[in-house]
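Survey of secondary and tertiary structure
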There are 2 protein chains.
Amino acid sequence: MSTTFTPLPEASTADLVADRLRDAILDGTLRPGDRLVETDLAERFAVSRGPVREAIRLLAPEGLVILRRNRGAIVASPTFDDVLEVYAARLSLGTLALTHAVETRSGESSRFAEAVDLLTTMRDDSVQADPQAMLEADLAFQDAVLGLSGLPRISTMLEQSARDAASFVSLLGITYDSTDHVALIERHERLLNSIAAGDADATVAAWQQHISATVSEFARAYGADAHIHDHPLAHHVLGTNQETP
Amino acid sequence: MSTTFTPLPEASTADLVADRLRDAILDGTLRPGDRLVETDLAERFAVSRGPVREAIRLLAPEGLVILRRNRGAIVASPTFDDVLEVYAARLSLGTLALTHAVETRSGESSRFAEAVDLLTTMRDDSVQADPQAMLEADLAFQDAVLGLSGLPRISTMLEQSARDAASFVSLLGITYDSTDHVALIERHERLLNSIAAGDADATVAAWQQHISATVSEFARAYGADAHIHDHPLAHHVLGTNQETP
DNA sequence: AAATTGCAGATTGTTGACAATCTAGCCTCC
DNA sequence: GGAGGCTAGATTGTCAACAATCTGCAATTT
């Protein structure tokens, strides 16, 4: 395998602790409003408070926890407005990234094959049976596709927004298995095909439709379906591609 | 004054150290590639390594320093591609924010007056004589205007990109006083007026023109003027509003 | 002489202890 | 009876010492 002599992961203790905490927040072990007490966590992970403290401060800019001076950190409680904002940003930056990807013909790169592989993963029955795995595969696919742009800073922003999205799924108590997997995979296929075809307009349209469908899903699960259209941002993220019944 | 009973600043030691370091990087005291040695800095600021370490890690996600595991931190060295990427994101998200601001009639809010004040600051001769002060006033104005959207997350992203822009100015060795202050202030006035008038199209156009002019300025200072149009992103950030001679 | 190995100094990573701050409950005093 | 002050416990903020790692140079080998 070509992965044998790949650069070492080299995660610091703080990184490892941050990973554990992130997982705990994203799988619902830690719930919004829960306190993160440095002493407790240090004892549980069998490390000192230093790395734990660093890990918590690593999660703060990711939006997963809120720091309050001299009062410790709590798990964030995002609102539906946050969802709309993040997806509005995601729509906007994603359109930029995908347009750039198509224009530079990134559809021919080896990284394109990676995205195809990740989509195959999502088709796997055992993955579909596990909401957590499905969520991870979905976001990995989106990161891969958007990463085709070859724009490191914008890709980083988009990966950040993907993490935000992941946190919303669990923090807002949305179960991923309620999603229509077939429709999701179909949207992803459409995205890949239009990139491969070098059709910028179709790619952007596919992306807009994906965002729109995802936000609709959120709105339904969140129970805000009725008055979502009142929100000024809603018309941006839902666009004109709504799957009207 | 309404600012008298505003929440206290409450900056931790780490925050204060981070502020000093940020200033040092932005005013050129620390140059790209310079090492940030925890021991040295701790001694200079007369604190222990803990807060210094935390401060350095605070600057990393801001893009000002690069962390290398077990090898300390160095001041970042952004490339011209970074400039284009950041401004492409800024164009994209700013358009979103401003559209939203106009649609929700934020032009009538008290925060609008704040932006007007900041523009007045920029007209001050003593400010214009100080490149550092001028840069700060410019970015404060832009943050204020974009903050009119009332979208906290997107505003945060835009403030981040403004800090990126500020770091480019100094890290790339661009002197802010070479800018045509009159043209800059005029662009800002156009932006404010179109927001006040509630004209979304004019606002977006003014923003695009501002980004385009700024990037052109960067390109000129950076000496990449000749082949900038070859870059696939350039056509996005420069748009069709170029001030052609 | 070129390449490799081993060492010494410098620097980061981690730890446990101490100081400062906050929270909540009780008490006092009007 | 309620407002304000006080105290105890818990928790975060800071520090200095120790351990692990890296860098550059010199010694060694071929």
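Residues numbered from 1 in each chain as written. Chains lettered and ligands numbered in written order. Predicted model: local features only at pLDDT ≥ 70, side-chain atom pairs only at ≥ 80, totals over all residues. Heavy atoms only, no water.

Turning our eyes to something else, we now look at the nonpolar core. Within the largest apolar cluster, 146 residues are counted, with the highest numbers of intra-cluster contacts made by A:Phe218 and B:Phe218. With near-sequence residues (within four places) excluded, B:Phe218 lies in contact with B:Phe80, B:Val83, B:Tyr87, B:Ala165, B:Phe168, B:Val169, B:Leu172 and B:Ile174. (Core = buried A, V, L, I, M, F, W, Y, C linked by side-chain atoms within 4.5 Å. Buried < 20%, exposed > 50% of the residue type's maximum accessible area, 1.4 Å probe, protein only. Contact = heavy atoms within 4.5 Å.)

All right, on to the protein's contact with DNA strand D then. Around DNA strand D, the surrounding shell holds 17 residues, and the nearest of these are A:Arg53, A:Asn70, B:Thr13, B:Ser48 and B:Arg71. Protein-proximal atoms of DNA strand D, defined as those within 4 Å of the protein, fall in sugar or phosphate at a share of 75%. One of the backbone nitrogen or oxygen atoms of A:Glu38 is found 3.2 Å away from a phosphate oxygen of DNA strand D. Between DNA strand D and B:Asn70, the relevant distance is 3.1 Å, taken from a sugar or linking oxygen to a side-chain nitrogen or oxygen of the residue. Mapped by element, the contributors of at least two residues to the surface near DNA strand D are β1 (35-36), α2 (38-45) and α3 (49-59) of chain A together with α3 (49-59) of chain B. Per element, the largest residue contribution to the surface near DNA strand D is 3 residues, and it comes from α3(A). Partitioned by chemical class, the residues of the surface near DNA strand D number 4 nonpolar, 6 polar and 7 charged. (Near = heavy atom within 4 Å. Polar contact = N/O pair within 3.5 Å; in protein donor to acceptor, adjacent residues only side chain to side chain. Helix = DSSP H or I, 4+ residues; strand = E, 2+ residues; numbered from the N terminus. Nonpolar A, V, L, I, M, F, W, Y, C, P; charged D, E, K, R; others polar.)

Note: interface size is frequently given as the accessible area lost on complex formation between the parts. Taken residue by residue, the interface counts 32 residues in chain A and 31 residues in chain B. Between chain A and chain B, a total of about 2,800 Å² is buried, with carbon and sulfur atoms accounting for 58% of that surface. It is A:Arg69, A:Glu85 and A:Arg153 that lose the most area in chain A upon contact with chain B, and together they represent 25% of the buried surface on that side. Counting across the chain A and chain B interface gives 8 salt bridges. For A:Arg57, the salt bridge goes to B:Glu54, with nearest N and O atoms at 2.6 Å. At the surface where chain A touches chain B, the tally comes to 11 residue pairs in polar contact (both at pLDDT 80 or more). (Buried area = accessible area lost by both parts, 1.4 Å probe. Salt bridge = Lys/Arg side-chain N within 4 Å of Asp/Glu carboxyl O.)

The environment of DNA strand C is made up of 18 residues, and the closest members are A:Thr13, A:Ser48, A:Arg71, B:Arg53 and B:Asn70. Those atoms of DNA strand C that come within 4 Å of the protein belong to sugar or phosphate at a rate of 73%. Contact distances for DNA strand C include 3.2 Å between a phosphate oxygen and a backbone N or O atom of B:Glu38. Take B:Arg49: an N or O atom from its side chain is 2.8 Å from a base nitrogen of DNA strand C. Going through the elements one at a time, α3 of chain A together with β1 (35-36), α2 (38-45) and α3 of chain B are the ones with two or more residues in the surface near DNA strand C. Each residue belonging to the surface near DNA strand C can be placed in one class, and the counts come to 4 nonpolar, 7 polar and 7 charged.

Turning next to the environment of B:Val86. Mapped onto the elements, B:Val86 comes out in helix α4 (residues 80-103). Between the alpha carbons of B:Val86 and B:Ala165 there is a distance of 7.4 Å; along the sequence they are 79 residues apart.

Below, the discussion takes up the pairing of strand β3 (residues 72-75) of chain B. Residues and elements named next belong to chain B. In this structure, β1 lies alongside β3, joined through 2 bridges in antiparallel fashion. Across the sheet, residue arginine 35 finds its bridge partner in β3, namely isoleucine 74. Sheet analysis places strand β2 (residues 65-68) next to β3, joined by 4 bridges and oriented antiparallel. Bridge assignment links leucine 67 to a residue of β3, and that residue is alanine 73. Where β2 hands over to β3, the hairpin turn is made up of 3 residues, of which asparagine 70 adopts a positive phi near 65°. (Pairing = 2+ DSSP bridges.)

Keep in mind these values describe shape, not function.
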